[in-house]
Amino acid sequence: MFNRLIALALPAMLAVAASPASAILPIQHWQTANGARVYFVENHGLPMLDLSVDFPAGAGYDRPAKAGAASMTQRLLRAGADKMSEDDVEQRIADVGAQLGGRFDNDRAGLSLRTLSSARERQQALDVFARVLRAPAFPRAVLEREKVRLIGSLKEADIKPDTIVARTFYRLAYGDHPYALRDTGEVETVQTLAREDLVQFHRRHYVARYAVVAIIGDVTRAEAEAIAEQVTRGLPKGGAEEPVLPPVKGLAAGTARTIPHHAAQAHIIIGAPGISRTDPDYIALFVGNFVLGGGGFVSRIMEEVRSKRGLAYSAGSYFYPLQREGPFVISMQTRRDQATQALEVAQATLAEFVKTGPTEEELAAAKRNIVNGFPLRIDSNRKIHEYLALIGFYRLPLTYLDDFVKNVERVTTADIRDAFQRRIRPDRMVTVVVGGEPAKAADAGAR
Amino acid sequence: MRSFRRGLQLLCALLALSAAPWAAAASDAVEDKLANGLRVIVKPDRRAPVAVMLLLYKVGSVDEVTGVTGVAHVLEHMMFKGTASVPAGEYSRLIAAAGGRDNAFTSNDLTGYFAALQKSELELALRLEADRMANLTLSPEEFAKEIKVVMEERRLRTDDRPRSLVYEQLMAAALTAHPYRNPIIGWMNDLENMRVEDAREFYRHWYAPDNATLIVVGDVDPAQVVALAGKHFGGIPSRSLPVRKPQEEPPQLGAKRVTVKAPAELPYVMMVFRAPALRDAERDTEPYALEMLAAVLDGSQAARLNRTLVRKERIASAADAGYDGIARGSGFFYLSATPTPGKSAAEVEAGLRREMAKIIEHGVTQEELERAKAQAVAQHVYERDSMLAQARQIASLEAAGISHRTVDLQLRKLREVTAEQVRDVARKYFRDDALTIATLDPQPLAGVKRKPPPPGLKHVQ
């Protein structure tokens, strides 16, 4: 499902944790025999285990003519493997109460597993997991079925204002960069997908030495080592060159689009390519964005759009750092005849923030939230597991969380103003309004 | 924090409940009661130096009267708009500065306010919560702005979402007398005509310590939490609460059918049967059997609806079933499906009916039942990974009058369900005369092409 804005906002938030000491999150790291990177936290608090294996196999690695191949590959992993039928896979997982899931975004794709740590349950679940990852059958009949289902949901999504606004934004912001591609592909490209496309994609991207294995839960180091070997053994060897994503070109000028729609609310996005996962401005931009629109009810956009004027239920901004420059986005929805007003308020709020940056009080409040709220970011196995996968995939230092809090504490209002002025150009934003009162919204779009 | 659930849990929440909604964490919680009637439930969880506080008011949309539907939820929004000593918006600022996160939700049966903080800041959350239990300002100026936000929320979650409209119309048709027929967010016309006095009256009636339960999950000492609760809430006087009328729904006399025409691509079918809710965790048997029935139909990808309608027959793109049995009023059993492109709503409805008929005739296999139970057992463990989920579980049980202490008992009872009991509840409750069915009849979009324009090629300026 193409719900990029909502779905992608979450990892952006998760990415910002901070840690007072690595003793709180003792990450163990090693490599498997065939070169997969493993990140493990031993935690016997609950009799369960979370595991994921991710690859550089997200939608960014799609080719335009075959957009959707990456997503379909990930989607069909569980559709039968290594002599197991699709029903066999699902039943064996369900029989032990395990949950087989997966990740799919612009950069990453892979599978995840949650299971009880007791021997019978764990072994059965891991056996299925490893076989599905290593030897997916990609049955033609299932592919045809899934194409029909997906095309139906793409057509359904295509008439929704939230989809239209996001698709249009990504196209205008990313041009011919693969981040512009819809992550599940388009109706026309999905129609062309053949089994061979998936087999090739799997062979090229689900490669042992690119794999990132993240494990947390009720197993020992020795058991985790065995699990990491088990789930990476026999993975494809891959070609000589690791897949890479092309650089993102910045926007030379602003663009505005207004697209008519019948909906009661207009959907609005203002944004541009933002930052990569290893960007040196990341901390300043992240903390600044907390004040601008990332801090929920204490952010300026929420205050101006919702609290002061009652224009929207949800309004905010975020950076979504990726391997390459992921987007900076402001988004909101408002009653159609208020689209112009809401857009103007958001634009003025952004322009003012870029011009003057946060106040000392705002920065202090943001720091207090980010630093004091640190324990909340790692208070469950699920949250810690997300960090392990993130640190592993983007090759961040094991002290990433510790460093983060120190860097947040160090950042100044001048740093933030400087970073925003260099990186966010209010006159070079992509502005998309879907719906709204046509004449007025068109005027506003050009502003 | 980009998504703000200062709002309701609607359809999705209901439908997500396929796997053992009340199979909860181990019942090792401590319980106490203040002199003014405030109940305090503390569940230690020492896996992280964090505390989650959830204040549950046993009041929801079910307590609204004609003409002011949505007021429970509007009041929830207004609870963030200031008290005599804490100005509008300050609640969120104080919690945020302490590193905390806060939000609230309204359901049919309850209203919940929660904050998650590092454990040393728990008292702040209790102090602020006690303050707004007693001293809410409810100013006309703030109300005038916030009611607009709520109307935006309705547009976002319901008016522009055809499937939400289907659910809304389904419940409005299924019930005649019971207030579960009204949407939690309220009818738009009621929102348009709501006054601050309506919220004030609802607040005065229901926001009292003897209608509330304080739930704390986290790395805390129960005795200390009870003492803190006494310090901050102890001075708030109890109140005589309005009499709650049962408003029981009269018997349904035949199947009901509704059509919803809305802009969409694919049809959608949703069915609901009234079913008993859990009342006595020890003696009841049917709610557990209904829970297993839902799991056999849709507890996992291996369950019947997915296996048959989606994978084998390929009639449906998606098919779901769920039983909602934790409620102050009636329980409900839902089934829904989206036809595959090219198939009709009638075909997918027939498919759902075939699956129901199979269970009525042949029952379920032991293998299926064991699978459903294995999932319930695992879910019981997985749910303990989130402190907030634990707090919310306690809240929904307690609001429905089921003690949180029965969670282990409930799992045991689920594991005792037999295949015969599952078949029996299917026979008893999957009756055509007790069915309400709503169908989405997709309409073309007015004024625009069905496909959005390709990039940068077409737009109106």
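Values in this document were obtained by computation on a predicted structure and should not be read as measured data. (Residues numbered from 1 in each chain as written. Chains lettered and ligands numbered in written order. Predicted model: local features only at pLDDT ≥ 70, side-chain atom pairs only at ≥ 80, totals over all residues.)

**What about the overall build of chain A?**
Within chain A, the secondary structure is distributed over 18 helices and eleven strands. In terms of overall size, chain A behaves like a compact globule, its C-alpha atoms giving a radius of gyration of 22 Å where 447 residues would be expected to give roughly 22 Å. For the C-alpha atoms alone, the extent of chain A along its principal axes is close to 60 × 50 × 40 Å. Here chain A holds 447 residues, and 61% of them are scored as buried. The long-range fraction of contacts in chain A, counting pairs at least 24 apart against all pairs at least 6 apart in sequence, stands at 81%. (Helix = DSSP H or I, 4+ residues; strand = E, 2+ residues; numbered from the N terminus. Rg over C-alpha atoms; globule rule 2.2 N^0.38 Å. Buried ≥ 20, exposed ≤ 12 C-beta atoms within 10 Å, placed from the backbone. Contact = placed C-beta atoms within 7 Å.)

**Quick word on the domain arrangement of chain B**
Residue and element names in this part refer to chain B. Parsing chain B into structural domains produces domain 1 (7-233) and domain 2 (256-443). The C-alpha-based centres of domain 1 and domain 2 are spaced at 26 Å. Those elements giving two or more residues to the side of domain 1 that touches domain 2 turn out to be α1 (11-15), β3 (39-44), β4 (50-57), β6 (111-118), α6 (162-174) and β7 (212-218). Here the side of domain 1 that touches domain 2 gets nine residues from one element, more than from any other, and that element is α6. Looking at the side of domain 1 that touches domain 2, its residues break down into 31 nonpolar, seven polar and five charged. (Domains from an automatic or database assignment. Nonpolar A, V, L, I, M, F, W, Y, C, P; charged D, E, K, R; others polar.)

**Section: the packing of helix α2 (residues 71-78) of chain B against helix α8 (residues 196-206) of chain B**
All names here are of chain B. Viewed as axis vectors pointing N to C, α2 and α8 meet at an angle of 90 degrees, and their least axial separation amounts to 9 Å. The angle between the axes of α2 and α8 places the two elements in the roughly perpendicular class. Judged by residue contacts, Val 71, Ala 72, Val 74, Leu 75 and Met 78 of α2 engage Asp 198, Ala 199, Phe 202 and Tyr 203 from α8. For the contact of α2 with α8, the per-class residue count stands at eight nonpolar, no polar and one charged. (Axes fitted to C-alpha atoms, helices over the stretch in contact; angles between N-to-C directions. Parallel < 35°, antiparallel > 145°, perpendicular 65-115°, else oblique.)

**Side note on the interface of chain B and chain A**
Contact with chain B, which involves 66 residues of that partner, is made by 73 residues of chain A. Broken down by secondary-structure element, the contributors of at least two residues to the side of chain B that touches chain A are α3 (90-97), β6, α5 (140-159), α11 (304-312) and α13 (366-382) of chain B. It is α5 of chain B that provides the largest number of residues to the side of chain B that touches chain A, a total of nine residues. Classifying every residue of the side of chain B that touches chain A by side-chain character gives 29 nonpolar, 16 polar and 21 charged.

**Details of the nonpolar core**
Val 52, Met 53, Met 292 and Leu 293 of chain B are the most contacted members of the largest nonpolar core, which has 294 residues in total. Beyond its immediate stretch of four places on either side in the chain, Val 52 of chain B contacts Phe 114, Ala 116, Val 216, Val 217, Gly 218, Met 387, Leu 388 and Ala 391 of chain B. (Core = buried A, V, L, I, M, F, W, Y, C linked by C-beta atoms within 7 Å.)

**Some details on the packing of helix α12 (residues 345-362) of chain B against helix α16 (residues 419-429) of chain B**
Residue and element names in this part refer to chain B. At a minimum axis distance of 8 Å, the contact between α12 and α16 shows a crossing angle of 125 degrees. Looking at the two axes, α12 sits oblique to α16. As for the relative orientation of α12 and α16, their crossing is left-handed in sense. Contact residues: α12 offers Met 356, Ile 359 and Ile 360, while α16 offers Arg 423, Ala 426 and Arg 427. The class makeup of the residues in the contact of α12 with α16 is four nonpolar, no polar and two charged. (Left-handed = near helix turned anticlockwise from the far one by under 90°.)

**Examining the domain arrangement of chain A**
Residue and element names in this part refer to chain A. Parsing chain A into structural domains produces domain 1 (21-232) and domain 2 (255-445). One C-alpha centre belongs to domain 1, the other to domain 2, and the line joining them spans 28 Å. Taken together, the contact between domain 1 and domain 2 spans 31 residues of the former and 32 residues of the latter. Listed by contribution, the elements that provide at least two residues to the side of domain 1 that touches domain 2 are β2 (37-42), β3 (48-56), α6 (161-174) and β6 (212-217). If one sorts the elements of the side of domain 1 that touches domain 2 by residue count, α6 sits on top with nine residues. Tallied by class, residues from the side of domain 1 that touches domain 2 come to 18 nonpolar, seven polar and six charged.

**Some thoughts on α12 of chain B**
All names here are of chain B. Relative to the 26 Å expected for 18 residues at 1.5 Å per residue, α12 spans 26 Å between its end C-alpha atoms, a close match to the ideal helical length. Those residues of α12 that sit buried are Ala 345, Val 348, Glu 349, Gly 351, Leu 352, Glu 355, Met 356 and Ile 359. With its buried residues spanning 160 degrees around the axis, α12 presents them on a single face. In this structure, α12 carries Ala 346, Ala 357, Glu 361 and His 362 as exposed residues pointing more than 90 degrees from its buried face. With its phi angle positive at about 70 degrees, Gly 363 sits one or two positions after the end of α12. (Expected span 1.5 Å × (residues − 1). Arc of directions from axis to C-beta.)

**Details of the sheet that holds strand β9 (residues 315-319) of chain A**
All names here are of chain A. Taken in spatial order, the five strands make up an open sheet running β7-β11-β8-β10-β9, and their pairing is mixed. In this open sheet, the two edge strands, each paired with only one partner strand, are β7 (255-259) and β9. Looking at each pair of strands side by side, their axes are set apart by 10 degrees on average, direction ignored. Judged from the ten bridges that link them, strand β8 (residues 265-275) and strand β10 (residues 326-335) form a sheet pairing that is antiparallel. Paired with Ile 269 across the strands is Ser 331, a residue of β10. Docked against the sheet, α6 engages β7, β8, β10 and β11 (430-434), running at close to 30 degrees with respect to β8. Sitting on the sheet, helix α11 (residues 300-307) is in contact with β9 and β10, with an inclination near 160 degrees to β9. (Pairing = 2+ DSSP bridges.)

**Some points on the environment of Ile 259 of chain A**
Looking at the secondary structure, you find Ile 259 of chain A in strand β7. Separated by 91 residues in sequence, Ile 259 of chain A and Thr 168 of chain A have C-alpha atoms that sit 9.4 Å apart.

**Notes on the confidence of the model for chain A**
All names here are of chain A. For chain A, per-residue confidence averages 92 on the pLDDT scale, and residues scoring 70 or more make up 92% of the total. Predicted confidence is poor over residues 1-22, with pLDDT under 50, and the contacts of this stretch with residues over four places away or in other chains come to 56 contacts. Contacts for the low-pLDDT stretch residues 439-447, under 50 throughout, to residues beyond four places or in other chains number 21 contacts. (pLDDT = per-residue confidence, 0-100.)

**Some points on unusual backbone geometry**
Residue and element names in this part refer to chain A. A positive phi is found at Asp 82, a non-glycine position, where the angle reads about 50 degrees. Note that Asp 82 resides in the loop between α2 (69-76) and α3 (86-95). In this structure Asp 82 comes out as partly exposed when scored by C-beta crowding, with 17 C-beta atoms within 10 Å. Backbone geometry places Lys 83, a non-glycine residue, at a positive phi of 75 degrees. Assessed through the 9 C-beta atoms surrounding it within 10 Å, Lys 83 is described here as exposed.

**Here's the deal with the pairing of strand β12 (residues 435-443) of chain B**
All names here are of chain B. The pairing of strand β8 (residues 256-263) with β12 spans eight bridges and is classified as parallel. Counted as the bridge partner of Thr 259 is Thr 439 from β12. Across six bridges, the pairing between strand β9 (residues 268-275) and β12 is antiparallel. The partner of Tyr 268 across the bridge, within β12, is Leu 440.

**Considerations on the pairing of strand β2 (residues 30-33) of chain B**
Sheet topology note: the β2 of chain B/β3 of chain B ladder contains four bridges and is antiparallel. Its bridge partner lying in β3 of chain B, Asp 32 of chain B is registered against Val 40 of chain B.

**Digging into the environment of Val 417 of chain B**
The topology assignment puts Val 417 of chain B in the loop between α15 (407-416) and α16. Ignoring any residue separated from it by four or fewer positions in sequence, one finds Val 417 of chain B in contact with Tyr 288, Ala 289, Met 292 and Val 422 of chain B.

**A look at α3 of chain B**
Along α3 of chain B, the positions that sit buried rather than exposed are Tyr 91, Ser 92, Ile 95 and Ala 96 of chain B. Taken around the axis of α3 of chain B, the buried residues stretch over an arc of 125 degrees, which confines them to a single face.

**Details of the sheet that holds β9 of chain B**
Residue and element names in this part refer to chain B. Here five strands make up an open sheet; going across it, the order is β8-β12-β9-β11-β10 and the pairing mixed. Of all the strands in the sheet, the pair left with one neighbour each is β8 and β10 (316-324). Each strand of the sheet is rotated relative to its neighbour by a mean of 15 degrees, with strand direction disregarded. As defined by bridge partners, β9 adjoins strand β11 (residues 331-339) across seven bridges and the pair is classed as antiparallel.

**Focus: the environment of Thr 111 of chain B**
Residue and element names in this part refer to chain B. Examined against the element boundaries, Thr 111 turns out to sit in strand β6. A tally of 27 C-beta atoms within 10 Å means that Thr 111 is categorised as buried. The spatial distance from the C-alpha of Thr 111 to the C-alpha of Arg 328 is 13 Å, given a sequence separation of 217 residues. Dropping the residues within four chain positions of it, Thr 111 is found in contact with Tyr 57, Val 59, Gly 60, Ala 72, Glu 76 and Thr 106.

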